[in-house]
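What the coordinates show
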Amino acid sequence: MRLRNITGSREVIAESPYVIREELQAGCAGRWKEIFGNDNPVHIEIGMGKGKFIHTMARENPEINYVGIEKYSSVLLRAIQKMEKEELPNLKFLRMDAEGITGVFAQGEVDRIYLNFSDPWPKDRHAKRRLPSREFLARYDVILKKRGRLEFKTDNRALFDFAVDELEPAGWSASAITYDLHHDKDMMQGNVMTEYEEKFSGMGNPICKYVISREK
Ligand code: SAM
């Protein structure tokens with residue numbers, strides 16, 4: 001994504017009613033029910049990019065609260081623009097690095113986590129930056145409810161194989177897995193395409209997906 005330096009994006013984000021201001025992020029942990037004004041479940045997407053997936057999910061599921069997390073201001077700006085066109089009360093954004101995720105959600109506060117087309121970080125020495133790595137799974141273990149689940153999609157087979165290998169050592173297991181989502185009738189049910197999914201499936205790349213939890 002070549003959107004990292006759009007002039008003024010930080011200012012727009014600082015003033016946007018859809019984004020939790022950075023100085024208030026630390027105070028969000030344990031307060032998401034209050035922030036949304038209801039007791040609905042909280043689903044989050046980490047690395048949401050321009051927000052197509054989470055905006056569609058929030059529109060289709062008004063009884064669920066969604067939080068989209070994105071590291072780069074200029075990418076988040078695109079998600080804000082979608083909200084300006086179609087405001088949804090059950091969707092909020094955080095501009096942050098997900099490394100700090102346990103600081104913004106309390107223990108067991110999240111019902112579901114989505115990772116979509118996460119950056120591959122191909123060098124071995126950067127493995128711990130990969131969002132489905134065991135280091136991140138340990139963070140998700142804190143914020144996710146006991147029976148909560150995590151769903152991960154990617155067209156990057158090397159990243160997916162890495163992610164599958166990380167599960168057992170981290171204490172997670174897959175309840176569903178496919179190496180060709182778009183030809184898997186069961187797992188395709190209710191599938192909402194992300195921006196990257198549209199692009200890469202359009203190029204003919206098979207999409208891998210797993211659904212994981214800590215239940216044995
Ligand atoms: N999920 C979107 C999709 O499927 O179309 C975007 C995929 S894009 C390849 C990955 C996104 O994750 C980028 O926008 C990147 O900035 C964001 N990202 C990567 N690492 C992150 C982190 N540690 N914390 C927050 N966002 C991150």
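Described in the following lines is the structure provided in the data block. Here the residue index of a chain counts from 1 through its sequence in written order. Totals for whole chains, interfaces and linings use all residues, but because this is a predicted model, local features are given only for residues with pLDDT of at least 70 and pairs of side-chain atoms are given and counted only at 80 or more. For the side-chain quantities, the full set of heavy atoms in the structure was used; hydrogens and water were omitted.

Turning next to the side chain of Glu151. For helices the rule is a DSSP run of H or I covering at least 4 residues; for strands it is a run of E covering at least 2, with both sets numbered from the N terminus onward. Structurally, the position occupied by Glu151 is in strand S5 (residues 144–154). When accessible area is computed with a 1.4 Å probe and restricted to protein chains, residues below 20% of their type maximum are described as buried, those above 50% as exposed, and intermediate ones as partly exposed. Among the residues examined, Glu151 registers a relative accessible area of 7% and is labelled buried. Between N or O atoms, a polar contact is any pair within 3.5 Å; within protein, one atom must be a potential hydrogen donor and the other a potential acceptor, and residues adjacent in sequence are included only when both atoms are from side chains. A distance of 2.9 Å separates polar atoms of two side chains, one belonging to Glu151 and the other to Lys209. Here Glu151 is in contact with Arg112, Ile113, Tyr114, Leu115, Lys209, Tyr210 and Val211, once residues within four sequence places are set aside. Contacts are assigned to residue pairs that have any heavy atoms within 4.5 Å of one another.

A separate point is unusual backbone geometry. The backbone phi angle of Phe117 is positive, close to 50°, even though this residue is not glycine. Mapping Phe117 onto the fold places it in the loop between strand S4 (110–116) and helix H5 (134–143). A relative accessible area of 8% means that Phe117 is categorised as buried. Positioned with a positive phi, Trp121 is a non-glycine residue whose angle comes to about 40°. With respect to the element layout, Trp121 can be found in the loop between S4 and H5. Exposure remark for Trp121: the relative accessible area of 27% places this residue in the partly exposed category.

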